[in-house]
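# A structural walkthrough
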Amino acid sequence: MIDCLILGDSIAIGTHQFKQECIAYAKSGINSRQYYQQYVLPRQNDFGAEVVIISLGSNDHAGIKTYNELYKLREHVKAERVYWILPNAEKFPNQERDVNLIAISFGDFVIKPTRYQKDEVHPSWAGYKQIAKDAE
């Protein structure tokens, strides 16, 4: 079994820089629906690892049903521990709520970054270090 997987968007890519031992399936700018269509549907099996870290939701717009898309994704994740990186609640309150609800329903862990870049979307380098530490 793979030790660690990182799934998601540009925040997942940034997290991978601090957790290079993980395998990343990530794409900058991808929303939850696109991720499901491009990374989940084509696979013949589930995402399986000891630890899975997921960052999605920050690129979702009003037409994306974040909860539904992420719930479908989570059903394809088989791991001993799953960590969700929460979107910044200041900018994405609905997406942050949806990620929290999914994490609770599956008994997963959440990581709430506290330090952001000027765009208030992406964690700062210190924020990424915190994510990597929290996902140990």
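Residues numbered from 1 in each chain as written. Predicted model: local features only at pLDDT ≥ 70, side-chain atom pairs only at ≥ 80, totals over all residues. Heavy atoms only, no water.

### Structural notes on the sheet that holds strand β2 (residues 23–26)
- With parallel pairing, 5 strands are arranged side by side in an open sheet as β2-β1-β3-β4-β5. Each edge of the open sheet is held by one strand with a lone partner, namely β2 and β5 (109–111). Averaged over all neighbouring strand pairs, the angle between strand axes comes to 25°, with direction disregarded.
- Examined bridge by bridge, strand β4 (residues 77–85) and β5 share 3 bridges and lie parallel to one another. Counterpart to I85 in the pairing with β5 is I111.
- Together, β1 (4–8), β3 (47–55) and β4 form the strand contacts of helix α3 (residues 66–74), whose direction differs from that of β4 by roughly 145°. (Pairing = 2+ DSSP bridges. Helix = DSSP H or I, 4+ residues; strand = E, 2+ residues; numbered from the N terminus. Axes fitted to C-alpha atoms, helices over the stretch in contact; angles between N-to-C directions. Contact = heavy atoms within 4.5 Å.)

### Some thoughts on the packing of aromatic side chains
- Taken as a whole and assessed by the stated rule, the structure comprises 8 aromatic pairs.
- Seen from their ring centres, F18 and Y128 are 6.2 Å apart, and the 10° between their planes marks the pair as stacked. Taken together, the residues span a long stretch of sequence, with F18 in helix α1 (residues 10–18) and Y128 in helix α5 (residues 125–134) at a distance of 110 residues.
- Taking relative accessible area as the criterion, F18 reaches 30% and is therefore assigned partly exposed.
- A relative accessible area of 4% places Y128 in the buried class.
- With a centroid separation of 5.8 Å and an interplanar angle of 45°, the aromatic rings of W125 and Y128 are classed as tilted. One end of the pair is W125 and the other is Y128, both in helix α5 and 3 residues apart, which spans about a single turn.
- Members of the aromatic cluster, each reached through a chain of ring pairs, are F18, W125 and Y128.
- Between the NZ or CZ atom of R43 and the centre of the ring of Y25, over which it lies, the distance is 5.5 Å.
- Above the plane of the ring of F47 lies R43, whose end atom (NZ or CZ) is 4.1 Å from the centre. (Phe/Tyr/Trp six-rings, centres within 6.5 Å; stacked < 30°, edge-to-face > 60°. Buried < 20%, exposed > 50% of the residue type's maximum accessible area, 1.4 Å probe, protein only. Lys NZ or Arg CZ within 6 Å of the ring centre and 35° of its normal.)

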